[in-house]
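Structural characterization, general
Here are the chains, one letter per residue:
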Amino acid sequence: GLSFWQLGEGNYWGHNAIVRLRPFAEHCALPRLRGSAPFGGEILSHDIVEAAFMRRAGYKIWLVPDISGSWEEIPSNVIDFAARDRRWAQGNLQHVGVMPMRGLHWLSRVHMLTGILSYVTSPLWLLVLILSSIVTCLAALTKHQYFQHGTYTLFPSWPQYRDGEIFALLAMTITLLMLPKLLGALLALRERHVRESFGGTLRLCASVLFEQTLSMRRAPTRMLFHSSFVIRARLGREVRWDAQGRSDRGVRWGEALARHKWHVCLGLAWGTAILVLAPTFIWWMLPVIAGMLLAVPFTVLTSRADLGRALRAHGLLLTPEETAAPPEIAAVTHHVPLTALPAGQHIAMQTPPRMPMPRWARALA
């Protein structure tokens, strides 16, 4: 989808980019932004900026989705993922100073604006939720006044109900969030060998449903994390761009509680206030508040490798690299020299690797 819409104005994804060295060296020298960190100084999220500079020089950046032989692991738990997001938040917010630069293609500016909004929308969402809760609780306390005090009229002020607009907004939000995922699932289900690589029709559908449930539970804490990242950056608190943790590290209960204690406290206070002042509104806020209250067990349980292996044993959340491992991954997993495997051979993997992948093996993959 991104390749279809972006065409020759695509982005670099991390270091998974093939560049011509001479043009890259000539046109992609990153400037030092004015001012001090976090908004000034060295550019952290360099990928989008380098792609924009290459496009400004007259070259095109194409995202080629059918190139194989390259993989990258992501942080395997909520806390390490949030640590990476904090670095990305500061890096993306720096693009406020890059967007006005001369000669940039308009779509390159759109990419930067999208990256900025991917973090700024979290505090905006939080603000909308807080204001709607305050308005609802005040309305429940004061009740509706049909006649203004001290006036005499035969025509009362009837309350206005906007159920149609509310459900229209809700439907638009669900469509925006769900449609790309559903289209991806339909594309996978359309071809037999693709859906079988994800475990088959029933397992793929169950996996999509399960993953969506997990995403909904994670969304409130991610909103709070991103909101704090934006506020900290606005207050001038910079973050270092260190190596990212990508091993299958399990999170202990104490660590999860230390990182989520304010999320849980906010959920308790918020939920209690609504239950006391406007109890019927709790059903609208329950998905958000439940995500806050369940943050600690969610972080701990989703970080456990044994649960991941159990899901895999039942055919859930499978990826094609697990059902039919490419030769590069098979060579690393089974410690077999890559030259010993026939070209293009895919190996069915029955058991998951028990140990974290060493750094040299990750580099080989």
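Presented here is an overview of the structure given in this document. Since the structure is predicted, the reported quantities are computational estimates derived from the model, not experimental observations. (Residues numbered from 1 in each chain as written. Predicted model: local features only at pLDDT ≥ 70, side-chain atom pairs only at ≥ 80, totals over all residues. Heavy atoms only, no water.)

1. Description of the overall build of the protein chain
- Summing up its helical and strand segments, the protein chain has 15 helices and 0 strands in all.
- Scored against the burial criterion, the 365 residues of the protein chain give a buried share of 33%.
- In the protein chain, of all internal contacts separated by at least 6 residues, the share reaching a separation of at least 24 is 74%.
- A total accessible area of about 23500 Å² is found for the protein chain, and carbon and sulfur atoms account for 65% of it. (Helix = DSSP H or I, 4+ residues; strand = E, 2+ residues; numbered from the N terminus. Buried < 20%, exposed > 50% of the residue type's maximum accessible area, 1.4 Å probe, protein only. Contact = heavy atoms within 4.5 Å. Areas by Shrake-Rupley, 256 points an atom, 1.4 Å probe, with all protein chains shown as cover.)

2. Points about the pattern of salt bridges
- Summed over all chains, the structure comprises 9 salt bridges.
- With a shortest N-O distance of 3.9 Å, Glu191 and Arg190 are connected by a salt bridge.
- Given a relative accessible area of 32%, Glu191 falls into the partly exposed group.
- Where Arg192 meets Glu196, a salt bridge forms, and the shortest distance between an N and an O atom there is 3.0 Å. Here Glu196 and Arg192 lie together in helix 7 (residues 192–197), a separation of 4 residues that amounts to about one turn.
- One salt-bridge network, in which partners are shared between bridges, spans Asp80, Arg249 and Glu255. (Salt bridge = Lys/Arg side-chain N within 4 Å of Asp/Glu carboxyl O.)

3. Notes on unusual backbone geometry
- Phi angles above zero are rare outside glycine, and Leu7 is one such case at about 50°.
- Take Leu7: it is sitting in the loop between helix 1 (2–6) and helix 2 (21–27).

4. Here we look at helix 11 (residues 295–302)
- Every buried residue of helix 11 is listed here: Ala295, Val296, Phe298, Thr299 and Val300.
- Buried residues along helix 11 sit in contact with helix 4 (78–93), helix 8 (201–234), helix 9 (253–277) and helix 10 (282–293).

5. What about the layout of surface pockets?
- Empty space within the second largest pocket amounts to approximately 320 Å³.
- What lines the second largest pocket is a set of 16 residues, among which Phe225, Ser228, Phe229, Arg232 and Arg259 lie closest to the centre.
- For the lining of the second largest pocket, the secondary structure elements donating two or more residues are helix 4, helix 8 and helix 9.
- Looking at the lining of the second largest pocket element by element, the count peaks at 6 residues for helix 8.
- Among the residues making up the lining of the second largest pocket, the classes are represented as 10 nonpolar, 2 polar and 4 charged. (1 Å grid on protein atoms, 1.4 Å probe; cavity = no way out; pocket = protein on both sides within 12 Å on 5 of 7 lines; lining within 4 Å. Points joined across faces, edges and corners; volume = space filled by probe spheres on them. Nonpolar A, V, L, I, M, F, W, Y, C, P; charged D, E, K, R; others polar.)

6. Points about the environment of Pro23
- The topology assignment puts Pro23 in helix 2.
- According to the relative accessible area criterion, Pro23 is buried, its value standing at 9%.
- Once the C-alpha coordinates of Pro23 and Ala57 are considered, the two residues, 34 residues apart in sequence, prove to be 8.5 Å apart.

7. With respect to a nonpolar patch on the surface
- Residues Leu127, Ile130, Leu131, Ile134, Leu138, Leu141, Val276 and Leu277 make up a contiguous nonpolar surface patch of roughly 720 Å² in combined accessible area.
- Listed by contribution, the elements that provide at least two residues to the nonpolar patch are helix 5 (106–142) and helix 9.
- Counting residues per element, the nonpolar patch draws most heavily on helix 5, at 6 residues.
- Inspection of the secondary structure assignment puts Leu277 in helix 9. (Patch = residues over 30% accessible without salt bridge, like charges linked within 9 Å, V, L, I, M, F, W, Y side chains within 5 Å.)

8. So, the packing of aromatic side chains
- Applying the stated rule across the entire model yields 4 aromatic pairs.
- Arranged with centres 5.2 Å apart and planes meeting at 90°, the rings of Phe4 and Trp5 form a pair that is edge-to-face.
- Residue Trp5 is classed as exposed on the basis of its relative accessible area, which comes to 70%.
- Seen in terms of ring centroids, Phe225 and Phe229 are 6.0 Å apart; in terms of plane orientation they differ by 20°. Their pairing is stacked. (Phe/Tyr/Trp six-rings, centres within 6.5 Å; stacked < 30°, edge-to-face > 60°.)

9. Observations regarding the packing of helix 4 against helix 5
- Where helix 4 contacts helix 5, the two axes come as close as 8 Å, and the packing angle between them is 125°. With respect to helix 5, the element helix 4 is oriented oblique. Note on packing geometry: the crossing formed by helix 4 with helix 5 is left-handed. Along the contact surface, helix 4 presents Asp85, Trp88, Ala89, Asn92 and Leu93, while helix 5 presents Gly115, Ile116, Ser118, Tyr119 and Val120.
- Looking at the contact of helix 4 with helix 5, its residues break down into 6 nonpolar, 3 polar and 1 charged. (Axes fitted to C-alpha atoms, helices over the stretch in contact; angles between N-to-C directions. Parallel < 35°, antiparallel > 145°, perpendicular 65-115°, else oblique. Left-handed = near helix turned anticlockwise from the far one by under 90°.)

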